[in-house]
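Descriptive structure summary
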Amino acid sequence: MGADSPNLIREAVDLARAGKNVDARDIFLRVVENDPQNELAWMWLAGLVDSLEDKIIACENVLIINPSNLKAQAYLESLKNKRQSSTIGQEIQKKQEPQKSTPRRSPLETAKFLEQDGKFAEALEIYKVEAAKTKDTNAFNEIYKKITRIEQLQADKVQYVSPNVSIARLTFTWPLLYLSLVLIQVGLNPFKNQMIYLWLAFPLVILGSYFIAISDVRSRHWVWHGLFAEKGDGSAFARMTLAAVGWILVLLPIVLIVLDSFNRLSNFQIPPKLF
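When the charged atoms of two side chains with opposite charge come close together, those side chains can pair. The full count for this structure, using the stated rule, is seven salt bridges. Its salt-bridge partner being glutamate 53, residue arginine 83 comes within 3.2 Å of it at the nearest N-O pair. Here the residue arginine 83 occupies a position in helix H5 (residues 70-96), and glutamate 53 occupies one in helix H4 (residues 52-65), the gap between them amounting to 30 residues. Of the residues examined, arginine 83 reaches a relative accessible area of 29% and is grouped as partly exposed. Two residues, lysine 128 and glutamate 151, come together in a salt bridge whose shortest N-O distance is 3.8 Å. Of this pair, lysine 128 sits in helix H7 (residues 120-133) while glutamate 151 sits in helix H8 (residues 137-156), and the two are 23 residues apart along the sequence.

Here we come to the packing of helix H2 (residues 21-34) against helix H3 (residues 39-48). Where H2 contacts H3, the axes come no closer than 9 Å and their chain directions differ by 145°. Handedness of the H2/H3 crossing: left-handed. Between H2, through Asn21, Ala24, Arg25, Phe28, Leu29, Val31 and Val32, and H3, the contact on the second element is made entirely by Ala41, Trp42, Trp44, Leu45 and Leu48.

Quick look at helix H6 (residues 107-116) now. Residues Ala111, Phe113, Leu114, Glu115 and Gln116 constitute the buried set of H6. For H6, the secondary structure elements touched by its buried residues are H7, H8 and helix H9 (163-171). At the C-terminal side of H6, glycine 118 shows a positive phi close to 80°.

With that settled, consider the packing of aromatic side chains. Tallied over the entire structure, the rule returns six aromatic pairs. On the basis of an interplanar angle of 15° and a centroid distance of 6.0 Å, the ring pair of phenylalanine 140 and tyrosine 144 is categorised as stacked. Here phenylalanine 140 pairs with tyrosine 144, and both are found in helix H8, just four residues apart, close to one helical turn. For phenylalanine 140, a relative accessible area of 25% puts it in the partly exposed group. Exposure remark for tyrosine 144: the relative accessible area of 42% places this residue in the partly exposed category.

Locating glutamate 230 in the fold gives a position in the loop between helix H13 (222-228) and helix H14 (236-266). In this structure the C-alpha to C-alpha distance between glutamate 230 and arginine 220, which are ten residues apart in sequence, comes to 9.9 Å. When residues no more than four places from it in sequence are discounted, the contact partners of glutamate 230 are Trp224, His225, Ser235 and Ala238. Reaching out from glutamate 230, the side chain makes a polar contact with the side chain of serine 235 at a distance of 2.9 Å.

Cut-off values and rules
- Sequence order sets the numbering: in each chain, residues are counted from 1 along the sequence as written.
- Residue-level local features of this predicted model are given only where pLDDT is at least 70; pairs of side-chain atoms are given and counted only at 80 or more, and the full residue set underlies all totals for whole chains, interfaces and linings.
- To get the side-chain values, all heavy atoms of the structure are used, and hydrogens and water are removed first.
- The working definition used for a salt bridge is a side-chain nitrogen of Lys or Arg within 4 Å of a carboxyl oxygen of Asp or Glu.
- Numbering of helices and strands starts at the N terminus; helices are DSSP runs of H or I of at least 4 residues and strands are runs of E of at least 2.
- Whether a residue is buried, partly exposed or exposed follows from its accessible area with a 1.4 Å probe, protein chains only, as a fraction of its type maximum: under 20%, in between, or over 50%, in that order.
- In this analysis an axis means a line fitted to C-alpha atoms, helices contributing only their contacting stretch, and an angle means the value between N-to-C directions, from 0 to 180 degrees.
- Helix crossings are classified by the rotation of the near helix relative to the far one: an anticlockwise turn of less than a right angle makes the crossing left-handed, while a clockwise turn makes it right-handed.
- Between two residues, a contact is recorded if the distance between any of their heavy atoms is within 4.5 Å.
- Two rings belonging to Phe, Tyr or Trp (six-membered ring only in the last case) form a pair when the distance between their centres is within 6.5 Å. Interplanar angles under 30 degrees mark stacking, angles over 60 mark edge-to-face geometry, and anything in between is tilted.
- Identification of polar contacts relies on pairs of N or O atoms within 3.5 Å, with a donor-acceptor requirement for protein atoms, meaning one able to donate a hydrogen and the other able to accept it, and with residues adjacent in sequence counted only if both atoms are side-chain atoms.

Keep in mind these values describe shape, not function.
Structure follows, in structure tokens:
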């Protein structure tokens with residue numbers, strides 16, 4: 001048992017009795033993270049967590065620790081009866097309503113989207129609940145990394161930046177570089193030389209840079225639904241495909257500039273040929 005568990009439990013109990021259930025729940029979650037065999041903490045969590053399934057899991061954990069806990073047995077029985085009644089009601093409702101094809105979003109996916117929207121406190125709460133529920137060590141380690149990352153962001157008071165702002169900022173990197181190369185190639189007077197194809201390629205560079213930025217920044221962008229018929233922030237295949245197309249659009253015009261430079265060097269004369 002953790003050395004600080006008794007003090008944390010007393011603090012959490014006081015908060016719960018004062019009506020500060022969210023703060024109390026967070027402390028109890030910390031206790032069971034450090035001391036999964038803490039029967040008292042799981043008993044309190046059974047009453048403080050929101051969803052019916054979370055309450056049932058908390059009660060089952062209590063009975064795993066202490067099978068003779070009559071209070072937990074009775075509470076678990078009432079929760080299961082409630083779940084059964086709710087399930088029957090949902091089945092009746094499904095028969096009466098048209099079937100919906102939209103899949104239900106998992107809690108971890110919801111937390112990920114909350115992170116993208118800058119709602120770190122809400123995402124953190126979901127991650128803590130999921131960490132307490134999971135019995136898989138690898139899954140717990142992955143969730144714990146997310147919890148640690150968000151807590152560090154909050155501690156450092158990192159300013160939230162919208163994914164759209166990040167995409168816009170990254171989009172203009174390659175176009176600015178390409179524009180600089182074109183001006184070096186044709187001089188400060190772009191209309192002096194008849195290399196129109198270098199300027200016509202500029203929109204392609206912008207589009208390619210835009211695709212690269214979208215594939216690099218996690219966001220629920222319209223392109224995933226519009227081009228790949230996917231929801232969320234894009235699958236690995238969709239991101240790889242979009243990035244590949246983006247790099248082709250960016251690098252092809254740059255290759256044209258390089259080829260034009262070699263052509264100029266091969267035809268270079270002293271004195272230089274006038275255009």
